[in-house]
Amino acid sequence: MMGRIGDDKIEEVRARADIVEIIGAQVRLRRAGRNFTGLCPFHQEKTPSFSVNPERGFFHCFGCGAGGTVFNFIMKTEGLTFPEAVRQIARRYGVEVPESGPAGGPSGSEREALYRANQAAADFFEGALWKSAAGAGARAYLEARGISTATAHAYKVGFAPGEPVWLSRALEKRGLSEAGLKLGLLKRDPAGIHDMFRARVMFPIRDVQGRVVAFGGRVLDDRMPKYLNSPESPLYSKTRTLYGLFEARQAIAARDRAILVEGYVDAIMLWQAGFKEVIAGCGTALTVEQLRMLARHTRNVLACFDGDGAGRKASLRALEIFLQAGLLGRGIFIPSGFDPDTFVREQGAESFARLADSAELLIDYFLGVQAEAAGRSIAARAQAAERVAAVLRMVTNNFEFDLLARKAAPLLGVGEELLRREARRAAPHSRGEALAARTSAPAVRARADAGARAEIGLIAIALLHPQLRAEIAAAAPEQNYADLELAQALMEVCTRTEPHEALIGWAAERLTAEQQAAIAEMAVGGFIDTREEAHRLLGDCVVALDERRRRREVESLKRSANASPTSHLKGDRAVADAQAVISLRRESQTRG
Ligand SMILES: [Zn+2]
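Treat the numbers as computed from the prediction; the structure is a model and nothing was measured. Sequence order as written defines residue numbering, which begins from 1 separately in each chain. This being a predicted model, a pLDDT of at least 70 is required before a residue's local features are given, and a value of 80 or more before pairs of side-chain atoms are given or counted; all residues contribute to the totals for chains, interfaces and linings.

Participant: Would you mind showing me how to read unusual backbone geometry here?
Facilitator: What is expected of a backbone is that most residues other than glycine have negative phi and most peptide bonds are trans. In the segment running from M224 into P225, the intervening peptide bond is cis, with an omega of -10°. Where helices and strands are cited, they refer to DSSP runs of H or I of at least four residues and of E of at least two residues respectively, numbered from the N terminus. Along the chain, P225 turns up in the loop between β10 (212-219) and β11 (227-229). With phi around 50°, A199 is a residue other than glycine that occupies positive phi space. Of note, A199 is situated in the loop between β8 (192-195) and β9 (200-206). Phi is positive for D256, which is not a glycine, with a value near 50°. Among the structural elements, D256 can be located in the loop between α10 (245-255) and β12 (258-261). Partly exposed residues are those whose C-beta has more than 12 but fewer than 20 other C-beta atoms within 10 Å; with 20 or more the residue is buried, with 12 or fewer it is exposed, and the C-beta atoms are placed from the backbone. Owing to 14 C-beta atoms within 10 Å, D256 belongs among the partly exposed residues under this scheme.

Here it is in structure tokens:
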């Protein structure tokens, strides 16, 4: 959505930002030698394993492996993309970062005017709700719905008076009429410009950084339409926005879960009842984009559905959208006759907490339905297995896939291997897959062998010790990399001359979050502080990669020697293979 930020800008922001101050705002830090330590905000712990190294500008948790630069920290805690994190920190330290909208979109100053108009409107609406006589009806409405003053303030709820040109005049005075028209706050007709929202309770919709991007307006009586929403604008796309994400983002990170509801008032009431991790759609059916955005904050998403048959059906449709976003998703089924708002009000927060804590995996319900449909007839069973395979095909995380295949096969009464094969046939390499791969950190770490550690280790050395780049390049270890993107990245670093601080933007673009965390681990752990240490590790990495290549060559020669026994290839080839195996082994013994 936002354009690339220049490396010099990123470096300027990083240099200005105090990593201890920024992380210290969320984690109580204590100095321990050259590092600061505290309790990790990314996993539960009683003794601190979270460290910040201000000198190098990295943080790292020795417990869960989280780590990176100050930008990675903000990305992780606030659920922002890299450019968003840079901009947020830049704003905090007063560094100007030019806004570059999408191609053909409005220029930076136009976008600024749009944000200003929305913010001004939100302030006017809020003022009208609390400070005007006209707001009395809206205040009574909020009270009747059980929305407290504090809650209304937290969501910046406001009121649009009934006069036709109330907001138009206010925006005109500030030179924001054009912006107001573009945002759908105002409309132009033959009689002139007038207000779009009249006599409505106003719910500002904010982006994850807290900027107002749109409004939902609800009537106080039974007029239709009940809700009027801002149209799509350069600031707002309803399929890519979640209501309440700004308000909920910290609770989502802290609880590692999000509760998804349909309406603004449902969200507000759950928040008020203590479920601060709640968000709502923006008047549309759930979209893959919304879930992908949410997946940056948590993988545990609980969606509320009606407990009746229609709600169950809706949960099956939602399952597909969840899977496409790389998430499994759970369903909270609200008993018939209630919605989340009325349920929590009439049955209490504890009852809702029980529902939420026992939310079932959407795919479990789906499997149950299919198991029932399978019945006893062979044809029905085959059809059900086909449907399950089609859904499993969308599961992009390998561990989740494994567990689900194991669970599904006996339910359907089909062979597990067959089901797996069918489900993996032509598995799409979706963006969701990449996402899932990047978010299953502990598993990836556990599987990383010495070779993989050496691959990222050399990049860490090259980044942190520019003087060693030429030596790394001369050893040409990239030919032994299994990860070709990483090999390319290593070659790139070795041709650069800047210190690592100037390559943070580059790293954010080219390396996964886990790879950046691995680099942070080496920097914070003090493994390669001195040039001597770095040099020694460089040698170890090069040897490890070389070893791995030779080990693999031996393996593959052994396999081909076994696979072509006496029959057609007999003599020559088999003998040559065997000799190659022996000589390679000898070579590795003398060198190792
Ligand atoms: Zn941790």
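Participant: What exactly am I supposed to notice about the packing of helix α18 (residues 398-412) against helix α19 (residues 416-424) here?
Facilitator: For any two helices packed against each other, one specifies the inter-axial angle together with the distance between the axes. At a minimum axis distance of 9 Å, the contact between α18 and α19 shows a crossing angle of 125°. Relative to α19, α18 is oriented oblique. Judged by the sense of rotation from one axis to the other, the crossing of α18 with α19 is right-handed. Contact with α18, carried on its side by A405, R406, A408 and A409, involves E416, L419, R420 and A423 of α19 and no other residues of that element. Looking at the contact of α18 with α19 residue by residue, the classes come out as five nonpolar, no polar and three charged. Between N-to-C directions, angles span 0 to 180 degrees; the directions come from axes that are lines fitted to C-alpha atoms, helices contributing only their stretch in contact. Here is the rule for angles: anything less than 35 degrees is roughly parallel, anything more than 145 is roughly antiparallel, 65 through 115 is roughly perpendicular, and the remaining ranges are oblique. In this scheme the handedness of a crossing depends on how the near helix is turned from the far one: anticlockwise by less than a right angle means left-handed, clockwise means right-handed. By definition, residues are in contact whenever their C-beta atoms, placed on the basis of the backbone, come within 7 Å of each other. Under the grouping applied here, Gly and all other residues not named as nonpolar or charged are polar, the nonpolar ones being Ala, Val, Leu, Ile, Met, Phe, Trp, Tyr, Cys and Pro and the charged ones Asp, Glu, Lys and Arg.

Participant: It is not clear to me how the pairing of strand β2 (residues 35-38) should be interpreted in this structure. Could you clarify?
Facilitator: In regular strands, side chains alternate between the two faces of the sheet. Across the two faces of β2 the burial is the same, with N35 and T37 and F36 and G38 all buried. What makes two strands pair is DSSP finding at least two bridges between them. Relative to β2, strand β1 (residues 30-32) runs antiparallel, the two being bridged by three bridges. The partner of R30 across the bridge, within β2, is T37. Taken together, β1 and the strand that follows it, β2, pair antiparallel across an intervening segment of two residues, in which G33 is found at a positive phi of about 70°. Across three bridges, β2 lies against strand β3 (residues 50-53) in antiparallel orientation. If you follow T37 over to β3, its bridge partner there is S51.

Participant: Sorry if this is basic, but what is going on with the nonpolar core here?
Facilitator: Within soluble globular proteins, side chains that are nonpolar tend to cluster in buried spots. What makes a nonpolar core is a set of buried Ala, Val, Leu, Ile, Met, Phe, Trp, Tyr and Cys residues, with links drawn between C-beta atoms within 7 Å. Counting 169 residues, the largest nonpolar core has A117, A267, L270, I279, L291, F322 and I459 as the members making the most contacts within it. Setting aside residues up to four positions removed in sequence, L291 forms contacts with L286, V301, I321, F322, A325 and L327.

Participant: Would you explain the sheet that holds β1 in this entry?
Facilitator: Within a beta sheet, neighbouring strands are joined by backbone hydrogen bonds and run either parallel or antiparallel to one another. Spatial strand order, β1-β2-β3-β4-β5: five strands in an open sheet with antiparallel pairing. With one partner strand each, in any of the chains shown, β1 and β5 (67-68) form the two edges of the open sheet. Across the sheet, helix α26 (residues 513-524) touches β2, β3, β4 (58-61) and β5, and the angle it forms with β4 is around 95°.

Participant: Before we go on, may I ask you to explain the pairing of strand β15 (residues 330-334) in this structure?
Facilitator: Of all five residues that make up β15, four are buried, and the element is covered over most of its length. Pairing of strand β14 (residues 301-306) with β15 involves five bridges; the strand directions are parallel. Following the sheet pairing, A303 is matched in β15 by G331. Following the backbone out of β14, through helix α13 (residues 309-324) and into the adjacent parallel β15, one traces a crossover that is right-handed. With two bridges joining them, β15 and strand β16 (residues 360-361) adopt antiparallel strand pairing. Bridged to G331 within β16 is E360. Crossover handedness is defined by viewing with both strands directed away from the observer: a clockwise path from the first strand over the helix to the second marks the crossover as right-handed.

Participant: It is not clear to me how the environment of S148 should be interpreted in this structure. Could you clarify?
Facilitator: Relative to the helices and strands, S148 resides in the loop between α6 (136-144) and α7 (149-154). Measuring from C-alpha to C-alpha, the distance between S148 and M269 comes to 9.3 Å, with 121 residues separating the pair along the chain.

None of this, on its own, says anything about what the molecule does.
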